[in-house]
Amino acid sequence: MEKSRLGTSDIHITPILMGTWQAGEAMWTGIEDADSIKTIRAAFDAGITTIDTAEIYGEGHSEQIIAAALSDVRDRVEYASKVFANHLKYDLVIEACDRSLKNLKTDYIDLYQIHWPSGSFNSEIVPIEETMKALNKLKEQGKIRSIGVSNFNRAQLTEASQYGRIDSLQPPYSLFWRHVEKDAMPYCIENNISILAYSPLAQGLLTGKFEPGHKFDPTDNRAKNKLFQGENFERAQQALEKLRPIAARHNCSLAQLALAWLIAQPQTNAIAGARYAEQAQDNAKAANIQLSQDELAEIDTIGRIVTDHLDENPVMWNW
Ligand SMILES: NC(=O)c1ccc[n+]([C@@H]2O[C@H](COP(=O)([O-])OP(=O)(O)OC[C@H]3O[C@@H](n4cnc5c(N)ncnc54)[C@H](OP(=O)(O)O)[C@@H]3O)[C@@H](O)[C@H]2O)c1
């Protein structure tokens with residue numbers, strides 16, 4: 001898989017990243033640790049070398065699973081982890097990073113991201129200058145190789161950039177939710193900041209596997225995702241019907257088509273979550289699909305059937 005530079009850093013990342021929010025028994029997804037380890041290893045074997053995690057995913061369990069899957073190939077993978085909104089004070093950032101290093105069984109994290117802006121989830125307000133000071137210190141010490149932010153809007157990203165180099169933004173971004181294009185994306189393009197899109201399959205909706213009337217298990221948080229409800233869901237089905245012939249022309253799945261469209265957007269890489277090895281393998285193949293300019297424009301228009309009717313992030317509850 002051809003890698004690209006992360007921001008202006010000397011790190012190179014794959015266009016499809018492996019998302020590990022779902023990894024392991026600590027999460028609601030009901031996946032056994034051994035299966036998550038196999039899934040992450042399958043992603044690596046399929047060419048995905050950049051792995052996204054966070055201290056809050058299973059309270060460090062996701063990071064431990066990544067270490068179990070990939071420690072023997074550490075020099076061939078890039079780890080991206082995150083510090084949560086309740087750990088943004090100087091000392092807490094340093095401690096959180098040390099915990100993540102221990103969980104990941106490594107002495108450096110390639111990309112360390114602020115997961116949510118201070119104040120999110122009722123966390124204490126911490127000036128961004130203080131958090132950036134800690135991140136710059138960690139970078140100086142070689143514990144992290146680059147700094148990123150997630151769920152920041154343009155104003156927050158601009159402010160954080162005053163205190164140090166930001167190499168990536170991780171926003172929710174898919175064919176069905178494109179708010180970042182109007183907000184922070186132009187700033188990222190001007191300033192050479194990579195976009196690492198999360199929920200790129202709209203939590204699985206873009207795979208086309210959910211039929212009308214689908215009922216989620218009550219423990220599945222997607223039951224609260226507005227894209228899976230009412231008119232949004234109906235519009236999504238209309239859009240998916242229009243995408244099917246394009247996918248058929250490329251002999252690919254709808255998931256691959258949605259990811260291929262996304263990674264063709266400026267400076268954009270996609271963090272695809274996968275519960276099973278087959279899903280990770282399927283997603284990795286999206287990197288080989290070449291869409292023409294006409295097809296990109298056609299897919300763009302189809303996506304608007306859904307996204308233009310949404311006025312807030314449908315997957316807001318997510319981590
Ligand atoms: N920064 C943040 O605040 C934030 C927030 C959310 C996520 N993330 C990151 O982004 C990653 C991805 O986001 P996400 O998990 O929310 O959404 P996603 O990647 O859009 O969807 C992932 C889900 O789609 C289904 N799926 C994936 N590939 C498939 C395939 N090839 N065929 C069929 N089904 C497939 C799986 O669910 P089922 O098997 O259950 O159907 C999987 O759990 C996370 O793992 C995490 O690393 C970050």
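As shown above, the structure is provided for reference.
Chains are numbered independently. Their residues run from 1 in the order of the written sequence. For this predicted model, a pLDDT threshold of at least 70 governs which residues receive local features, and a threshold of 80 or more governs which side-chain atom pairs are given and counted, while totals over whole chains, interfaces and linings are taken from all residues. Only heavy atoms go into the side-chain values, all of them from the structure, while hydrogens and water stay out.

S.K.: Any chance you could break down the pattern of salt bridges for me, citing the residues and the numbers?
M.R.: Criterion for a salt bridge: a side-chain nitrogen of Lys or Arg within 4 Å of a carboxyl oxygen of Asp or Glu. Inspection of every chain in the model, using the stated rule, returns 21 salt bridges. With a closest N to O distance of 2.7 Å, aspartate 72 and arginine 41 form a salt bridge. Separated by 31 residues along the polypeptide, aspartate 72 in the loop between helix H2 (61-70) and strand E5 (78-83) and arginine 41 in helix H1 (residues 33-45) bring together distant segments of the chain. Exposure categories follow from relative accessible area, calculated using a 1.4 Å probe and restricted to protein chains: below 20% of the type maximum is buried, above 50% is exposed, and the middle band is partly exposed. On the basis of relative accessible area, aspartate 72 is assigned to the exposed category, the value being 59%. Linking arginine 244 and glutamate 241 is a salt bridge whose minimum nitrogen-to-oxygen distance equals 3.0 Å. Of the two residues, arginine 244 and glutamate 241 are both situated in helix H8 (residues 230-249); the distance of 3 residues between them amounts to about one turn of the helix. Helix and strand labels come from DSSP, where a helix needs a run of H or I of at least four residues and a strand needs a run of E of at least two; each type is numbered from the N terminus.

S.K.: Explain the nonpolar core to me, using residue names and the numbers behind them.
M.R.: Among the nonpolar cores identified, the biggest contains 89 residues, and Leu70, Tyr112 and Phe176 are the most heavily contacted of them. In terms of residue count, helix H9 (residues 254-263) provides more of this core than any other element does, 8 residues in total. In what follows, residue pairs with any heavy atoms lying within 4.5 Å of each other are defined as contacts. In this view, leucine 70 contacts Ile40, Arg41, Phe44, Ile51, Val77 and Tyr79; residues no more than four positions away in its chain are not counted. Only buried Ala, Val, Leu, Ile, Met, Phe, Trp, Tyr and Cys residues count toward a nonpolar core, and they belong to the same one when joined by side-chain atoms within 4.5 Å. Counting 16 residues, the second largest nonpolar core, distinct from the first, contains Ala54, Tyr57, Phe84 and Ala85.

S.K.: Account for the side chain of arginine 74, with residues named and values stated.
M.R.: Relative to the helices and strands, arginine 74 resides in the loop between H2 and E5. Judged by relative accessible area, which is 10%, arginine 74 ranks as buried. At a separation of 2.9 Å, a polar atom in the side chain of arginine 74 contacts the main-chain carbonyl oxygen of tyrosine 108. Beyond its immediate chain neighbours, meaning those up to four positions away, arginine 74 contacts Tyr79, Thr106, Tyr108, Ile109 and Asp110. N or O atoms within 3.5 Å of each other form a polar contact, as long as, within protein, one can give a hydrogen and the other can take it, and as long as residues adjacent in sequence are counted only when both atoms are side-chain atoms.

S.K.: Before we move on, can you summarise the site of the ligand with the specific residues and values?
M.R.: Surveying the vicinity of the ligand reveals 32 residues, the closest of which are Gln22, Leu201, Lys209, Arg222 and Arg275. Between an oxygen atom of the ligand and a side-chain N or O atom of aspartate 52, the distance comes to 2.8 Å. One of the side-chain nitrogen or oxygen atoms of glutamine 279 is found 2.9 Å away from an oxygen atom of the ligand. Burial of the ligand by the protein chains amounts to 95% of its free accessible area of 900 Å². Put simply, the parts of the chain that give the shell around the ligand at least two residues each are strand E10 (268-273) and helix H10 (277-284). Lys, Arg, Asp and Glu make up the charged group, whereas Ala, Val, Leu, Ile, Met, Phe, Trp, Tyr, Cys and Pro make up the nonpolar group; the residues left over, Gly among them, are polar. Here the residues of the shell around the ligand are counted per class, giving 11 nonpolar, 15 polar and 6 charged. We call a residue near a molecule or strand whenever a single non-hydrogen atom of that residue lies within 4 Å of it. For every accessible area listed, the method is Shrake-Rupley and the probe measures 1.4 Å; residues are considered covered only by the protein chains on display.

Read these as spatial facts, not as claims about activity.
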